[in-house]
Amino acid sequence: MFSNHNFIAFLAVTLLCFFSCEKKEIIYDVPSSYNFENVNYEGQNQRIEMLTEFMAYVKSASNAGISTISKATMLNMYQNTNAPFSNPALNQASTQLKNKTHPEAQFYAEDLIEELEIVSQNMNVAASVGNSGVMVDAASGGRYLLNENGVELGQVLEKLLVGATFYYQITQVYLGENKINTDNKGVIAGRGTNMEHHWDEAFGYFGVPKDFPSTTSDLLYLGNYSDKTNSIIGSNSKIMDEFLKGRAAISAKDYPTRDSARVSLKKSFEILMAATSISFLNDAKANVSRLALYYHNLSKAYGNIMGLRYGAYTTLSDAEIDLILTYIGGSPDPLDADFYNASGQNIDKAIDAIADAFSDLTAVKNSL
């Protein structure tokens, strides 16, 4: 038995251990904008700029008087070879789009590039059933290069690359286990620790300014998607707040909060991609009497839905995505899709299939 003296000593040691071993609360500030120390996501900015210039070249195929666009030039831009960009800094950069695109999607992208060169030979021909060419929206003067089945391959390609490159890199790569569970001690001036840097690179692919959403100008790709759907799903603040919270948590070594933000971001980006897909389909339905815009928006939706395959979370299986693409174009392969035979009933089926998979979107699908 313990003597009184021993009991008091035991109690003292126990209390000392309890108080000294109790986890200390980590206190730190979360800024209102992405103005942390040692931030660098230059490579992400470069790839966003590369895609912008790449797509400007692709879309030139619809302009009367422009010569046929070249498969070689498009591949050079996709791979950053042979100095294809008007910005010399991009030509000199070690970055490229292709090696950051999901491997499976690279094949789709290169098939679309090859077909685009062929279709662009008819840029001075009016598009019609069975004939590739340009369809003009009379009200706006907008010109859209369609293949023989009414598919704007350039839009499919752009939206596919947003999903299979930027969305993929954020959610699967930079917020994935290998990139995020790395050194968080050694600080490199201008880029932070490895963990901080990888988080910053994920943010760089979002395509928004550091003070987003206070500033909503100059948004690109996923940033545009967020602002497009924000009034319905509140994506702007939701995504930005998690990026800010997670980055501050990394610097403070608060890993539970980092992981909570990481999970939230992966979910939020998947919902954003799904909501944007529905929004593009609704845009198509709203323009059914303006056929050029109708096919333009169906093409956006088709490419964006393809991109849903490449996130960290796959609420929709590959088979379900194939079915949705088949509702829209009769085929899960963009080169076999036929928008001339698309029906409003099947577009509604596609919208319902996406919304039913995401409870957050069921009640708002008609408003997106």
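These numbers come from a predicted model, not from an experiment.

### So, the overall build of the protein chain
Point 1. Scanning the protein chain from terminus to terminus reveals 15 helices and two strands.
Point 2. Based on the C-alpha atoms only, the size of the protein chain along its principal axes is roughly 100 × 45 × 35 Å.
Point 3. Counting across all 368 residues of the protein chain, residues that qualify as buried make up 51%.
Point 4. Here the contacts in the protein chain between residues at least 6 apart in sequence split such that 69% fall between residues at least 24 apart.
Point 5. With an accessible surface of roughly 16,200 Å², the protein chain has 50% of that area assigned to carbon and sulfur atoms.

### Things to note about the packing of helix H6 (residues 153-174) against helix H11 (residues 255-286)
Point 1. Put simply, H6 and H11 touch, their axes get as near as 10 Å, and they point 165 degrees apart. Relative to H11, the element H6 is oriented roughly antiparallel. Of the two possible hands of crossing, H6 and H11 adopt the one that is right-handed. Contacts between H6 and H11 involve Lys159, Gly163, Tyr167, Ile170 and Thr171 on the former and, on the latter, Lys266, Phe269, Glu270, Met273 and Phe280.
Point 2. Of the residues contributing to the contact of H6 with H11, the split by class is five nonpolar, two polar and three charged.

### Some thoughts on unusual backbone geometry
Point 1. The omega angle of the peptide bond from phenylalanine 212 to proline 213 is 0 degrees, so this bond is cis rather than trans.
Point 2. Within the element layout of this structure, proline 213 appears in the loop between helix H8 (194-204) and helix H9 (222-233).
Point 3. A positive phi angle, close to 60 degrees, is found at asparagine 38, a residue other than glycine.
Point 4. Counting through the fold element by element, asparagine 38 comes out in the loop between helix H1 (4-21) and helix H2 (42-59).
Point 5. Residue classification places asparagine 38 among the partly exposed residues on the basis of a relative accessible area of 27%.
Point 6. Even without being a glycine, aspartate 218 presents a positive backbone phi close to 60 degrees.
Point 7. Positionally, aspartate 218 belongs in the loop between H8 and H9.
Point 8. The class for aspartate 218 is exposed, based on a relative accessible area of 70%.

### Some thoughts on H2
Point 1. For H2, which comprises 18 residues, the first-to-last C-alpha distance of 26 Å matches the rise-based estimate of 26 Å (1.5 Å per residue) to within 8%.
Point 2. If you check which residues of H2 are buried, you get Gly43, Gln44, Gln46, Arg47, Ile48, Met50, Leu51, Glu53, Phe54, Met55 and Val58.
Point 3. The inward-facing, buried residues of H2 contact helix H3 (71-79), helix H4 (88-92), helix H5 (103-119), H6 and H8.

### Looking at the nonpolar core
Point 1. Counting 108 residues, the largest nonpolar core has Phe54, Leu222, Phe243, Phe269, Leu281, Leu298 and Leu361 as the members making the most contacts within it.
Point 2. Every residue in contact with phenylalanine 269, bar those within four places of it in the chain, is listed here: Tyr167, Ile170, Thr171, Phe206, Leu222, Ile239 and Phe243.

### Structural notes on the packing of aromatic side chains
Point 1. Evaluated as defined, the whole model comprises 16 aromatic pairs.
Point 2. Ring geometry for phenylalanine 243 against phenylalanine 269: centres 6.1 Å apart, planes inclined by 65 degrees, an arrangement best described as edge-to-face. With phenylalanine 243 in helix H10 (residues 235-251) and phenylalanine 269 in helix H11, this residue pair connects regions lying 26 residues apart in the sequence.
Point 3. Residue classification places phenylalanine 269 among the buried positions, given a relative accessible area of 0%.
Point 4. What links up through ring pairs into an aromatic cluster is the set Tyr34, Phe36, Tyr41, Trp199, Phe203, Phe206, Phe212, Phe243 and Phe269.

### Things to note about the pattern of salt bridges
Point 1. What the rule picks out here adds up to 15 salt bridges.
Point 2. When the shortest N-O distance is used, the salt bridge between glutamate 158 and lysine 159 registers 2.6 Å. Accessibility classification places glutamate 158 together with lysine 159 in one group, the buried group.
Point 3. The salt bridge partner of aspartate 200 is arginine 247, with a shortest N-O separation of 2.7 Å. On the criterion of sequence distance, the pair formed by aspartate 200 in helix H8 and arginine 247 in helix H10 is long-range, its members being 47 residues apart.
Point 4. A residue is classified by how much of its surface remains accessible, and aspartate 200, at 0% relative accessible area, is buried.
Point 5. Arginine 247 sits in the buried class, given a relative accessible area of 1%.

### Let's talk about the side chain of histidine 296
Point 1. Turning to its location among the elements, histidine 296 is positioned in helix H12 (residues 291-307).
Point 2. In contact with histidine 296, not counting residues within four places along its chain, are Tyr144, Glu152 and Gln155.

### Brief notes about the packing of H8 against H10
Point 1. Relative orientation of the contacting elements H8 and H10 amounts to 170 degrees, with a least axis distance of 9 Å. Taken together, the axes of H8 and H10 lie roughly antiparallel to each other. In contact with Met195, Glu196, Trp199, Asp200, Ala202 and Phe203 of H8, H10 contributes Met240, Glu242, Phe243, Gly246, Arg247, Ile250 and Ser251.
Point 2. Among the residues forming the contact of H8 with H10, the class breakdown is seven nonpolar, two polar and four charged.

### Here we look at the pairing of strand E1 (residues 133-136)
Every regular strand shows the same layout, with side chains that alternate between the two sheet faces.
Point 1. Bridge count for E1 against strand E2 (residues 143-146) is four bridges, and the pairing is antiparallel. Its bridge partner lying in E2, valine 134 is registered against leucine 145.
Point 2. Once E1 ends, the chain turns through six residues before running back antiparallel as E2, passing glycine 141 with a positive phi of about 80 degrees.

### Topic: the confidence of the model for the protein chain
Point 1. Put simply, the protein chain has an average pLDDT of 93, and 93% of its residues get 70 or more.
Point 2. Note on residues 7-22: pLDDT is under 50 here. Beyond four places in sequence and across chains, it has three contacts.

Conventions adopted
- Residues numbered from 1 in each chain as written.
- Predicted model: local features only at pLDDT ≥ 70, side-chain atom pairs only at ≥ 80, totals over all residues.
- Heavy atoms only, no water.
- Helix = DSSP H or I, 4+ residues; strand = E, 2+ residues; numbered from the N terminus.
- Buried < 20%, exposed > 50% of the residue type's maximum accessible area, 1.4 Å probe, protein only.
- Contact = heavy atoms within 4.5 Å.
- Areas by Shrake-Rupley, 256 points an atom, 1.4 Å probe, with all protein chains shown as cover.
- Axes fitted to C-alpha atoms, helices over the stretch in contact; angles between N-to-C directions.
- Parallel < 35°, antiparallel > 145°, perpendicular 65-115°, else oblique.
- Left-handed = near helix turned anticlockwise from the far one by under 90°.
- Nonpolar A, V, L, I, M, F, W, Y, C, P; charged D, E, K, R; others polar.
- Expected span 1.5 Å × (residues − 1).
- Core = buried A, V, L, I, M, F, W, Y, C linked by side-chain atoms within 4.5 Å.
- Phe/Tyr/Trp six-rings, centres within 6.5 Å; stacked < 30°, edge-to-face > 60°.
- Salt bridge = Lys/Arg side-chain N within 4 Å of Asp/Glu carboxyl O.
- Pairing = 2+ DSSP bridges.
- pLDDT = per-residue confidence, 0-100.

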